[in-house]
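The lines below spell out each chain.
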Amino acid sequence: MELIDEIKDDADVRMGKSLEALHDAFARIRTGRAHPSLLNSVRVPYYGADTPIQQVATITVEEGRTLVISPWEKKMLPEIEKAILRSDLGLTPAASADVVRLPLPPLSEENRRDLTRQARHEAEHTRVAMRNVRRDAIHDVREFLKEKEITEDDAFKAEGEIQKITDGHIQEVDEALQRKEADLLEI
């Protein structure tokens, strides 16, 4: 049925967006290794607009534990430094003549536990969002059943398919969390 397919597709898309948001949240949780995605949330004032740091500088990894930010315009150095200090990354930039170095200190055992807890919280938040999408989709199916636009068999089948979609996305969340935890606990 076309109505049911629309509901399933919408649920699938919304759950996919929740999964993307989880990946973004995981990118902000730093591990012991430097990775340019760590700075995805940092915005720099550039000609009056808050601009993602990747659009005003090149970010490279040096020796595994240091990010090197090379702005395309030298006048951006102090702005980049301030933006990193304002961010909630808890990192201290070191500016030199033409680059900003961002050393990542090794994670202590306590930091690793806290970051793992944060990752689990983000994953659970995503699971709840996906369950809410499932609830909305099933509600829509039941509304169509109530309006007699679909049969009971179609509604039952649709609910099962929506549950399968949800289970698949929650499986992806669990796998992403396992990878992030392994990253965090790796020394």
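Residues numbered from 1 in each chain as written. Predicted model: local features only at pLDDT ≥ 70, side-chain atom pairs only at ≥ 80, totals over all residues. Heavy atoms only, no water.

### Some words on the sheet that holds strand E5 (residues 94-95)
- Read across the sheet, four strands follow the order E3-E4-E6-E5 without closing on themselves; strand pairing throughout is antiparallel. Of all the strands in the sheet, just strand E3 (57-62) and E5 have a single pairing partner and so form its edges.
- Bridge analysis of strand E4 (residues 66-71) against strand E6 (residues 100-103) gives four bridges, and the strand direction is antiparallel. Of the residues in E6, the one forming a bridge with Thr 66 is Pro 103. (Pairing = 2+ DSSP bridges. Helix = DSSP H or I, 4+ residues; strand = E, 2+ residues; numbered from the N terminus.)

### Quick word on the packing of aromatic side chains
- Per the stated rule, a full pass over the model turns up one aromatic pair.
- With a centroid separation of 4.7 Å and an interplanar angle of 75 degrees, the aromatic rings of Tyr 46 and Tyr 47 are classed as edge-to-face.
- Owing to a relative accessible area of 23%, Tyr 46 belongs among the partly exposed residues under this scheme.
- Cation over ring: Lys 75 sits above Tyr 47, and NZ or CZ is 4.4 Å from the ring centre. (Phe/Tyr/Trp six-rings, centres within 6.5 Å; stacked < 30°, edge-to-face > 60°. Buried < 20%, exposed > 50% of the residue type's maximum accessible area, 1.4 Å probe, protein only. Lys NZ or Arg CZ within 6 Å of the ring centre and 35° of its normal.)

### A look at the pattern of salt bridges
- Within the structure shown, the criterion is met by 14 salt bridges.
- Of the charged contacts in the structure, one is a salt bridge between Lys 75 and Glu 73, with a shortest N-O distance of 3.6 Å.
- The partly exposed category is assigned to Glu 73, whose relative accessible area is 22%.
- Note that Glu 124 and Arg 127 form a salt bridge whose closest N and O atoms lie 2.8 Å from each other. Remark: Arg 127 and Glu 124 occur in helix H3 (residues 109-146); sequence separation between them is three residues, near one turn of the helix.
- When salt bridges with common partners are traced through the structure, they connect Asp 10, Arg 14, Arg 135 and Asp 136 into a single cluster. (Salt bridge = Lys/Arg side-chain N within 4 Å of Asp/Glu carboxyl O.)

### Remarks on the side chain of Thr 166
- By secondary structure assignment, the location of Thr 166 is in helix H4 (residues 152-185).
- Excluding residues that lie within four positions of it along the chain, Thr 166 makes contacts with Met 15, Met 130 and Arg 134. (Contact = heavy atoms within 4.5 Å.)

### Some remarks on unusual backbone geometry
- Of note in this structure, Tyr 47 is not a glycine but carries a positive phi near 50 degrees.
- Examined against the element boundaries, Tyr 47 turns out to sit in the loop between strand E1 (43-46) and strand E2 (49-52).
- Backbone geometry at Lys 148 places phi at a positive 60 degrees, although glycine is not the residue there.
- On the secondary structure map, Lys 148 appears in the loop between H3 and H4.

### Comments concerning the packing of H3 against H4
- Two elements in contact, H3 and H4, have axes whose closest approach is 10 Å; the angle formed by their N-to-C orientations is 170 degrees. If you check the angle between H3 and H4, you find them roughly antiparallel.
- Of the residues in the contact of H3 with H4, the class split is 16 nonpolar, five polar and eleven charged. (Axes fitted to C-alpha atoms, helices over the stretch in contact; angles between N-to-C directions. Parallel < 35°, antiparallel > 145°, perpendicular 65-115°, else oblique. Nonpolar A, V, L, I, M, F, W, Y, C, P; charged D, E, K, R; others polar.)

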